[in-house]
Amino acid sequence: MDFVWYIAAVPVTFFFALYVVLPATLIINPWLQTYIVFLNFVKAPFTDYSKPKKLGNKNLKSGRSFHLSVTRSVNIGVWHILPESIPEPHQEEDYTRTLQDGKPIIIYLHGTAATRAHTHRMDLLKQLSSLDNHVFSIDYRGFADSSGSPSEEGVVEDALSMYKWVKESCGDSPIIIWGHSLGSGVATRLARHLCDTSLVLESPFNNLREAACNHPLSRPFRFLPWFEKAFLDTSAQMNIHFDSDKHVAHITTPIMIVHCRDDMDVPIHLGKKLYEAALKSRRPGSGSIQFYALRNCGHIHVCQAPEFPYIVRKFLKSCGCGESFVCDKEYCSTDIDWAALSVGTLTI
């Protein structure tokens, strides 16, 4: 009899903890949502961020690591990856001088969890460098080797500080803000306050509330009557909104949205909603908006798509920067789905 009671008690206790204790804990302690949204505690141990060229097997040709002071108590870790065509300087201070060479400068804002040293992020850095761009990759406050604790206001301030530093050093070289996933929310909020940067949104969502509702990890909880109060309203209580669909209405510079049809973390229809919000609010005389729906690259491997070099070069050219050369069908990989590459493609 005791064994039967034990067998019954285990699942009951588990589901009670999952569906009652966990939501109640979040409602009582909404500050826990900060950890759930940013997941900044998820990172590989024993990583030396000071030597980006020696991390993993990505064979970065160059890479400088430094820290940028945002406030008295916050310093963020930064990597500067040079364009592949530029030989690595002998002195670190010479890295800054290269920013005035006129080549595009991309400020990369990563998504939730892990760090700038994560494999798929280093893949992207290498790809962008191979396309002859400067790339700055930052870790927000509380991530990796950056001090402080993350918040929506804080991570946007970190990104703004990086932009200001680059702007003071780059002369007339063009700057592009690139945000992936949660970083797209950071990038969109940042870009609404700038007037001279193009914007790339990789696997973006329209706002954090809908992203949470559509995330696969929220599926087991959606039937709960207190789902919104426990998992959505608590983020709002902590002033974490990332309302990109509202911020994008104030952006007039060129925008490119890249999303994968098989993205399970941030479904492509959320990227479509953001695109439609941008189109609806676009002012006369604003820059172009491009939407690309790719295939077979999930949430974090967009840069591995055969179309990737083509769409990046094409966007940079449309912004008036980068090489004038844009590859054509004969030059590019035969694996490219050309039918999916018409600007504004929304077929899902």
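What you are looking at is a predicted structure, and each value in this text was computed from that prediction instead of being measured.

A. Broad picture of the overall build of the protein. If you tally the helices and strands in the protein, you get 11 helices and eight strands. Per-residue burial over the protein gives 52% buried out of 348 residues. Put simply, of all contacts in the protein between residues at least 6 apart along the chain, 72% involve residues at least 24 apart.

B. Region of the structure containing the sheet that holds strand E3 (residues 105-109). If you walk across this open sheet you meet the eight strands as E1-E2-E4-E3-E5-E6-E7-E8, and the pairing is mixed. Strands at the two margins of the open sheet, each flanked by one partner only, are strand E1 (64-69) and strand E8 (289-294). Averaged over all pairs of adjacent strands, the angle between their axes in this sheet comes to 20°, without regard to strand direction. Inspection of the sheet shows strand E6 (residues 197-202) paired to strand E7 (residues 255-260) by four bridges, in the parallel sense. When the bridges of E7 are listed, Val-200 appears paired with Met-256.

C. Fine view of the packing of aromatic side chains. All told, the structure shown has 14 aromatic pairs when counted by the stated rule. On the basis of an interplanar angle of 70° and a centroid distance of 5.2 Å, the ring pair of Tyr-19 and Phe-223 is categorised as edge-to-face. Linking Tyr-19 in helix H1 (residues 2-28) with Phe-223 in the loop between helix H7 (208-214) and helix H8 (227-237), this pair joins segments that are 204 residues apart in sequence. Classification of Tyr-19 as buried rests on a relative accessible area of 16%. Given the relative accessible area of 57%, Phe-223 is considered exposed. Aromatic ring contacts, followed pair by pair, group Phe-14, Phe-15, Tyr-19, Phe-221, Phe-223, Phe-227 and Phe-231 into a single cluster. Over the ring of Phe-66 we find Arg-64, and its NZ or CZ is 4.3 Å from the ring centre.

D. Focus on the nonpolar core. Within the largest apolar cluster, 52 residues are counted, with the highest numbers of intra-cluster contacts made by Leu-109, Phe-136, Met-162, Val-166 and Phe-242. Once residues within four sequence positions are removed from consideration, Leu-109 is found in contact with Ile-138, Tyr-140, Ala-159, Ile-177, Trp-178, Gly-179, His-180, Gly-183, Val-186 and Ala-187.

E. Quick peek at the state of the cysteines. Within this structure, the stated rule accounts for zero disulfides. The thiol sulfur of Cys-297 is not disulfide-bonded, and the nearest other cysteine sulfur, from Cys-260, lies at 3.1 Å.

F. View of unusual backbone geometry. Not every positive phi belongs to a glycine, and Leu-39 is a case in point at roughly 50°. The phi torsion at Ser-203 lies on the positive side, around 50°, for a residue other than glycine. Its location among the elements puts Ser-203 in the loop between E6 and H7. By relative accessible area, which is 0% here, Ser-203 ends up buried.

G. How the structure looks around helix H10 (residues 268-281). Between its first and last C-alpha, H10 extends 20 Å over 14 residues, near the 20 Å set by a 1.5 Å rise per residue. Listed as buried for H10 are Ile-268, Leu-270, Gly-271, Leu-274, Tyr-275 and Ala-278. Along the long axis of H10, the arc covered by the buried residues comes to 160°, so they all point the same way. Against E6, H7, helix H9 (244-247), E7 and E8 lie the buried residues of H10.

H. Broad picture of a nonpolar patch on the surface. A surface patch of nonpolar side chains, amounting to about 340 Å² of accessible area, comprises Phe-16, Val-20, Val-21 and Trp-226. Note on placement: Phe-16 falls in helix H1.

I. Inspection of the environment of Glu-210 at higher detail. Secondary-structure assignment places Glu-210 in helix H7. On the basis of relative accessible area, Glu-210 is assigned to the partly exposed category, the value being 26%. Residues within four places of Glu-210 in sequence aside, it is in contact with Leu-270 and Lys-273.

J. Quick look at the pattern of salt bridges. Per the counting criterion, the structure on display carries 15 salt bridges. Arg-189 is paired through a salt bridge with Glu-152; the nearest N and O atoms lie 2.9 Å apart. Linking Arg-189 in helix H6 (residues 182-191) with Glu-152 in helix H5 (residues 152-169), this pair joins segments that are 37 residues apart in sequence. Linked through salt bridges whose partners overlap, the residues forming this network are Arg-116, Asp-139 and Asp-145.

K. A look at the confidence of the model for the protein. Scored by pLDDT, the protein has a mean of 89; 89% of the residues are at 70 or more. Predicted confidence is poor over residues 323-336, with pLDDT under 50, and the contacts of this stretch with residues over four places away or in other chains come to 22 contacts.

L. Looking closely at the pairing of strand E2 (residues 75-81). Of all the seven residues making up E2, six are buried; the element is thus mostly covered by neighbouring parts of the structure. As paired strands, E1 and E2 are joined by six bridges and run antiparallel to one another. By the bridge assignment, Phe-66 is partnered in E2 with Val-78. What sits between the antiparallel neighbours E1 and E2 is a turn of five residues.

M. Main features of the packing of H5 against H6. As a packed pair, H5 and H6 sit with axes 9 Å apart at the nearest point and diverge in direction by 65°. Comparing their axes, H6 and H5 come out roughly perpendicular. Judged by the twist between their axes, the crossing of H5 over H6 is right-handed. Residues Glu-152, Glu-153, Val-155, Val-156, Ala-159 and Leu-160 of H5 lie in contact with H6, whose contacting residues are Val-186, Arg-189 and Leu-190. Looking at the contact of H5 with H6 residue by residue, the classes come out as six nonpolar, no polar and three charged.

Parameters at a glance
Residues numbered from 1 in each chain as written. Predicted model: local features only at pLDDT ≥ 70, side-chain atom pairs only at ≥ 80, totals over all residues. Heavy atoms only, no water. Helix = DSSP H or I, 4+ residues; strand = E, 2+ residues; numbered from the N terminus. Buried < 20%, exposed > 50% of the residue type's maximum accessible area, 1.4 Å probe, protein only. Contact = heavy atoms within 4.5 Å. Pairing = 2+ DSSP bridges. Axes fitted to C-alpha atoms, helices over the stretch in contact; angles between N-to-C directions. Phe/Tyr/Trp six-rings, centres within 6.5 Å; stacked < 30°, edge-to-face > 60°. Lys NZ or Arg CZ within 6 Å of the ring centre and 35° of its normal. Core = buried A, V, L, I, M, F, W, Y, C linked by side-chain atoms within 4.5 Å. Disulfide = S-S within 2.5 Å. Expected span 1.5 Å × (residues − 1). Arc of directions from axis to C-beta. Patch = residues over 30% accessible without salt bridge, like charges linked within 9 Å, V, L, I, M, F, W, Y side chains within 5 Å. Areas by Shrake-Rupley, 256 points an atom, 1.4 Å probe, with all protein chains shown as cover. Salt bridge = Lys/Arg side-chain N within 4 Å of Asp/Glu carboxyl O. pLDDT = per-residue confidence, 0-100. Parallel < 35°, antiparallel > 145°, perpendicular 65-115°, else oblique. Left-handed = near helix turned anticlockwise from the far one by under 90°. Nonpolar A, V, L, I, M, F, W, Y, C, P; charged D, E, K, R; others polar.

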